Amino acid sequence: MFKWILTLLLITFQYPYSAHAFGLQSFKDLHLSIGTWLENYGQVQINNSGDTNDDFEINPYLTAGLEYELKPQFSLLPEVGWVIQRTENDISKNIFFLRGDFIYSPWEFLRLRLGTSFVMTSISASGGEDTLRNGSGTEVYYIPAERRTATNQTLDLGVEYIKDNMGVKLQNYIFAWNESSERMITYSLSFNYYIPMKDLL
Amino acid sequence: MKTLLLIYALLSISNVYAFRLITNTSATFSSKEVKFHVTSNSTCSNAGISNTELLSIAEDAVNSYWNKVPSSSLRLKKGSIYNTTDALYLTGELCASDSVSSCDPATTVPTAGDIIIACNSNTTNFPNSAYLAISAPNNVSGSKITGAVVLINDTPTTAFAGLSYAEKRSVLAHELGHAVGLGHSNRNYALMYYQNSDKLFRLSQDDIDGITYLYPNQVIDSCSGILGSLDLKNDPPAGGKGALPQLKINKIFLFNMAIAPTIGFLILMIAKFFTILRFKLDNHSVVK
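Now for a quick tour of the structure. (Residues numbered from 1 in each chain as written. Chains lettered and ligands numbered in written order. Predicted model: local features only at pLDDT ≥ 70, side-chain atom pairs only at ≥ 80, totals over all residues. Heavy atoms only, no water.)

Let us look at the packing of helix H2 (residues 51-64) of chain B against helix H4 (residues 165-179) of chain B. All names here are of chain B. It is the contact of H2 with H4, at a shortest axis distance of 8 Å, that shows an interaxial angle of 70°. Classified by the angle their axes make, H2 and H4 are roughly perpendicular. Contacts between H2 and H4 pair Leu54, Ile57, Ala58, Asp60, Ala61, Val62 and Ser64 from the former with Tyr165, Lys168, Arg169, Leu172, Ala173 and Leu176 from the latter. Tallied by class, residues from the contact of H2 with H4 come to nine nonpolar, one polar and three charged. (Axes fitted to C-alpha atoms, helices over the stretch in contact; angles between N-to-C directions. Helix = DSSP H or I, 4+ residues; strand = E, 2+ residues; numbered from the N terminus. Parallel < 35°, antiparallel > 145°, perpendicular 65-115°, else oblique. Contact = heavy atoms within 4.5 Å. Nonpolar A, V, L, I, M, F, W, Y, C, P; charged D, E, K, R; others polar.)

In structure tokens form, the structure reads like this:
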């Protein structure tokens, strides 16, 4: 399975390196999107009754990419994205990602996506102390004093409904896709806007 | 103005982070795989649990909580029954008596590598039954934790014995969180909140962010990692079919094969895009 996916990704991403593939007409759209990032959806505790985060929540994120048409119905879409910084209790968190999708459009209104992301989770704070409850008293704990970044590679699947130049996309990002015991899935729901390259050039 | 307020409201509705650390140096174990052991002399008669049960629950605890975080590289592993006759694990004081606000590791509980779990009946550690367990890295040098101790309340008034299996599991997971460097969270649904609950079935996002901060997963973590490793073993079995080098593909190599072309492709596309744009603009100027 591992090798199969690797082979598929290699074929997918190596193809456009050929000079033949880089024609002007192959640049189809500039792609911009805004949406919400549903981190570890349904898998983390949100109250002391044992409920999980399976409600819709808004964590805004933005992406930009260029769509490259391989042939009718098939295209590639590399993009960069940023989940807008969230700060609370002196701790900030940013998520950046660099990703690529292989897109298949069986019908004009529908697009199926298979891709991979390089996700960078950056957590930072500026240090300090905090006194919190411990047992029947209190104790001093420490606020992180630097930035640290975790990186993950994800396997992504998505589906998008398109009308004219706009689309609505539901995508998932499977963390630890090859380790079932630690697998976590993040979802995103976004509104996408495609600007035809011929309008830009 | 309304739009700005809407945007502000949207940005305000988000997850919150409140994890804290147990040391001011963000100390961590240097190894990404840390073992925990239970002392052989822990009878845990008041806590009502055997040392093998304790080890088993601790294993379930790490597999149910800390080992399930893909953005963290830390993996806690079940060790063994740690052979010792040192009674200080059972009776010693963990935090120095002159600790005013935080737990400065005392010298009375022995230090060791890895994480040592024991049942302890010292009433300075456990002044009342509200304390189910305590723990701290007690072998710390700078930002490096070499060893930590988790002590279960084994005093005659301990409430540990009356806990359900799920509660014992979350108590152990909480203490192991301290052992690897996490402090308390002020979120009452976090595993690292100071009070236990029988409904802590999963980590909160706060716990996940804390362990991710301390032990961030690195897809690329060294120069050799950037290149990946496609190892041709140099010592194939002599002669016969096995003489051909064996191919060993590691995770980083797989990552590079998947992501590097994507990065390259993105750069090429951006470069090409601007080249074409410049060409078009130049042409446009000429026509004018």
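All names here are of chain A. Reading around the circumference, E1-E2-E3-E4-E5-E8-E9-E10 is the order of the eight strands in this closed barrel, with antiparallel pairing throughout. Here the strands of the sheet are splayed against their neighbours by 25° on average, with no regard to which way each runs. The pairing of strand E2 (residues 60-71) with strand E3 (residues 74-88) spans eight bridges and is classified as antiparallel. Paired with glutamate 69 across the bridge in E3 is serine 75. (Pairing = 2+ DSSP bridges.)

Judged by nonpolar contacts, the single largest core of 56 residues is most densely connected at Trp66, Ile115 and Ile152 of chain B. When contributions to this core are tallied by element, the ones reaching two or more residues are strand E5 (110-125) and strand E7 (137-142) of chain A together with strand E2 (33-39), H2, strand E4 (114-120), strand E6 (144-153), H4 and helix H5 (205-214) of chain B. The biggest single contributor to this core is H2 of chain B, with six residues. When near neighbours in sequence (up to four residues on either side) are disregarded, isoleucine 115 of chain B contacts Phe29, Val34, Lys35, Phe36, His37, Leu76, Ala148, Val150, Leu176, Ala179 and Val180 of chain B. Counting twelve residues, the second-largest nonpolar core is a separate cluster that includes Tyr89, Phe126, Tyr131 and Leu151 of chain B. (Core = buried A, V, L, I, M, F, W, Y, C linked by side-chain atoms within 4.5 Å. Buried < 20%, exposed > 50% of the residue type's maximum accessible area, 1.4 Å probe, protein only.)

All names here are of chain A. Using the criterion set out here, one finds 14 aromatic pairs over all chains in the structure. Aromatic side chains phenylalanine 97 and tyrosine 173 sit 6.3 Å apart centroid to centroid with 50° between the ring planes, which places their arrangement in the tilted category. On the criterion of sequence distance, the pair formed by phenylalanine 97 in strand E4 (residues 91-107) and tyrosine 173 in strand E9 (residues 166-175) is long-range, its members being 76 residues apart. Across this residue pair, the class does not change: phenylalanine 97 and tyrosine 173 are buried. Judged by centre distance (5.8 Å) and plane angle (10°), the ring pair of tryptophan 107 and phenylalanine 109 falls under stacked. For tryptophan 107, a relative accessible area of 52% puts it in the exposed group. We classify phenylalanine 109 as partly exposed; its relative accessible area is 39%. An aromatic cluster is present here, built from Trp37, Tyr61, Phe97 and Tyr173 joined pairwise through their rings. (Phe/Tyr/Trp six-rings, centres within 6.5 Å; stacked < 30°, edge-to-face > 60°.)

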